[in-house]
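Chain and residue survey
Here is what each chain is made of, one letter per residue.
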Amino acid sequence: MAGKPKLHYTKGRGKMESIRWLLAAAGVEFEEEFIETKEDLEKLRNDGSLLFQQVPMVEIDGMKMVQTRAILSYIAAKYNLYGKDLKERAWIDMYVEGTTDLMGMIMYLPFQPADTKEKNLALIIERVTTRYFPVYEKALKDHGHDYLVGNKLSWADIHLLEAILMAEECKPDILSAFPLLQAFKGRTSNIPTIKKFLQPGSQRKPPPDEKFVAVVRKIFNI
């Protein structure tokens, strides 16, 4: 039997967090080996573990997988979270790309200069409420099911819940104009594997603080 997937990344969210979410939602236990210094990263680079010299990297099924999108697609397909046919997969991809763009904006906020943070936070809130969340609210209304694609949980739903919770960290009442997304959040948060991941003490990572930002800057020479 193959061992647990092993995740190589810093001790924070970044691009690995969506991978943690997807594995946890699929009910897959995983191990983490944290990159805490520049030397840890160089060791991975020097031993040939990183195809493009970058993390995240996930050891799974005898592979050392890199590139976030490739890792996520593999996990989604392996654990039946990627639709029943090509058309459903295309919709999942479109929805996931949207939430990826949104979460990218939020992810980089702590790394931006202090004098631009307020302006960028306002831009995020504007984009969430006028560009992204209206799409998902309409999708749930038009589809008429509990999930975004088909009638079962998919990668798109897991990614959307992650994005919703990140957006609420920016503005706690950000879902106030989106009743279907509020209901979606309640339903998906109570799926047993996801509920477990949302409990204190899980492998979910907290929002980045100044100390973590400083560590990341040092490791990656940012």
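Everything that follows concerns the structure shown earlier in this document.
Rules behind the numbers
- Residues numbered from 1 in each chain as written.
- Predicted model: local features only at pLDDT ≥ 70, side-chain atom pairs only at ≥ 80, totals over all residues.
- Heavy atoms only, no water.
- Pairing = 2+ DSSP bridges.
- Helix = DSSP H or I, 4+ residues; strand = E, 2+ residues; numbered from the N terminus.
- Buried < 20%, exposed > 50% of the residue type's maximum accessible area, 1.4 Å probe, protein only.
- Polar contact = N/O pair within 3.5 Å; in protein donor to acceptor, adjacent residues only side chain to side chain.
- Salt bridge = Lys/Arg side-chain N within 4 Å of Asp/Glu carboxyl O.

Across four bridges, the pairing between strand β1 (residues 6-9) and strand β2 (residues 31-34) is parallel. Counted as the bridge partner of lysine 6 is glutamate 31 from β2.

Attention shifts here to the environment of threonine 130. Within the secondary structure, threonine 130 sits in helix α5 (residues 114-143). Of the residues examined, threonine 130 reaches a relative accessible area of 48% and is grouped as partly exposed. At 2.6 Å, the side chain of threonine 130 and the backbone oxygen of glutamate 126 are in polar contact.

Should the charged atoms of two oppositely charged side chains come close, the side chains can pair. Tallying each qualifying case throughout the model produces 18 salt bridges. For the salt bridge of arginine 69 with glutamate 97, the shortest nitrogen-to-oxygen distance reads 2.5 Å. Here arginine 69, found in helix α3 (residues 68-78), pairs with glutamate 97, found in helix α4 (residues 86-108); they are 28 residues apart in sequence, far enough to count as distant. With relative accessibility at 30%, the residue arginine 69 sits in the partly exposed group. Under the relative-accessibility criterion, glutamate 97 is labelled partly exposed at 36%. Here aspartate 85 ties to lysine 84 by a salt bridge, and the two come within 3.8 Å at their closest N and O atoms.

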